[in-house]
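Residue-level structural notes
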Amino acid sequence: IEADPCVSDDGSLIAFASTRPGGAGGYDLYIYDRLYQTLLSKHGMNSATDETGPAFTHDSARLVFARIVDGRYRVKMYEPAGDTLVALPGLDLAGAWSDWQPSPNLHGDRIAFTSNRAGRAHVYVWDRGVGVLNLPDLLSDSTDWQPSLSADGRWLAFSSNRARGVGGYDVYLYDLVNHAFVRTPRLDSAIDEVHPSVSADGATIAFQSHRGGVQPDTLAVWTASDSTRNLPPNLNSSSTTTQPRLRWR
């Protein structure tokens, strides 16, 4: 099984999770070099438990992911250049919760992630200088997950089925500088909008339109300048297309 693919901002590397034989155990992470067309030999990245959900920092220098530690997921950061893990003070804490779906900014000194530390899945933001930020706006009585953080660490997009949405799961955009939600007219619909990917300036969001039933899922792009959602030509097909992991410049 190969899953959770992501591409570095410079387009040279693809990271993914796999259960292929010869790994350390369970799901392991692999990094593929497109220039040399080979898998990089990186031993410090994996363990005997599962590693999933890789995401490159926007400078393409590091990789964040989730690892099972003592039966619960924890967010980790890996530096391929040194084949070593990078400390995440305040995020590496042990507790009766799981942290997963990490999304980093430019250098990885800010990471958005999903956690059930409040009892259900919510989106949190960790900052290297502060720890986990206190952001009451992000907490709800519903499920919030699948965060996407812009390179400058300002714009946060995520999917939620909170009550004030249009229907099902909707995409929300939050400004971490002004501590306010940003209006996204005509982005959402009565069907599910999930797996958002926000651009560097917060003005464009790609996402998965989950139709349900016999209709295939498609990828769509919403643009703030004219509040339109469009299906990119030649990207979708009669088959299901899911989980965009775009790396915006």
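Up top is the structure.
Since we're looking at a predicted model, the values are computed, not measured. (Residues numbered from 1 in each chain as written. Predicted model: local features only at pLDDT ≥ 70, side-chain atom pairs only at ≥ 80, totals over all residues. Heavy atoms only, no water.)

Next up on the list: the sheet that holds strand β19 (residues 218–223). Spatial ordering of the open sheet is given by β17-β18-β19-β20, a layout of four strands whose pairing is antiparallel. Edge positions in the open sheet fall to β17 (192–198) and β20 (228–230), since each of these has one partner strand only. Across the sheet, the mean angle separating the axes of adjacent strands is 30° when strand polarity is ignored. As defined by bridge partners, β17 adjoins strand β18 (residues 204–210) across five bridges and the pair is classed as antiparallel. Residue pairing across strands places V194 opposite Q208, the latter belonging to β18. (Pairing = 2+ DSSP bridges. Helix = DSSP H or I, 4+ residues; strand = E, 2+ residues; numbered from the N terminus. Axes fitted to C-alpha atoms, helices over the stretch in contact; angles between N-to-C directions.)

So, about the nonpolar core. By size, the foremost hydrophobic cluster in this structure holds twelve residues: A112, V123, V125, L133, L135, L138, L149, L156, F158, Y172, Y174 and L176. Those elements that provide at least two residues to this core are β11 (122–127), β14 (155–160) and β15 (170–175). Sequence-distant contacts of V125, defined by excluding residues within four places in its chain, comprise R110, I111, A112, F113, G131, V132, L133, L135, L156 and L176. (Core = buried A, V, L, I, M, F, W, Y, C linked by side-chain atoms within 4.5 Å. Buried < 20%, exposed > 50% of the residue type's maximum accessible area, 1.4 Å probe, protein only. Contact = heavy atoms within 4.5 Å.)

Our focus in this paragraph is the pattern of salt bridges. Across all of its chains, the model carries nine salt bridges by this definition. Salt-bridge contacts for D144 lead to R162; the nearest nitrogen and oxygen are separated by 3.2 Å. Taken together, the residues span a long stretch of sequence, with D144 in strand β13 (residues 144–149) and R162 in the loop between β14 and β15 at a distance of 18 residues. Each of the two residues, D144 as well as R162, counts as buried. Between R229 and E193 there is a salt bridge, with the nearest N and O atoms lying 3.0 Å from each other. Taken together, the residues R229 in strand β20 and E193 in strand β17 connect sequence positions 36 residues apart. On the basis of relative accessible area, R229 is assigned to the partly exposed category, the value being 28%. Residue classification places E193 among the buried positions, given a relative accessible area of 0%. (Salt bridge = Lys/Arg side-chain N within 4 Å of Asp/Glu carboxyl O.)

Further remarks concern unusual backbone geometry. In this structure, D70 takes a positive phi of about 55° despite not being glycine. As for its position among the elements, D70 is in the loop between β6 (63–69) and β7 (72–79). We classify D70 as exposed; its relative accessible area is 78%. Backbone geometry places S227, a non-glycine residue, at a positive phi of 50°.

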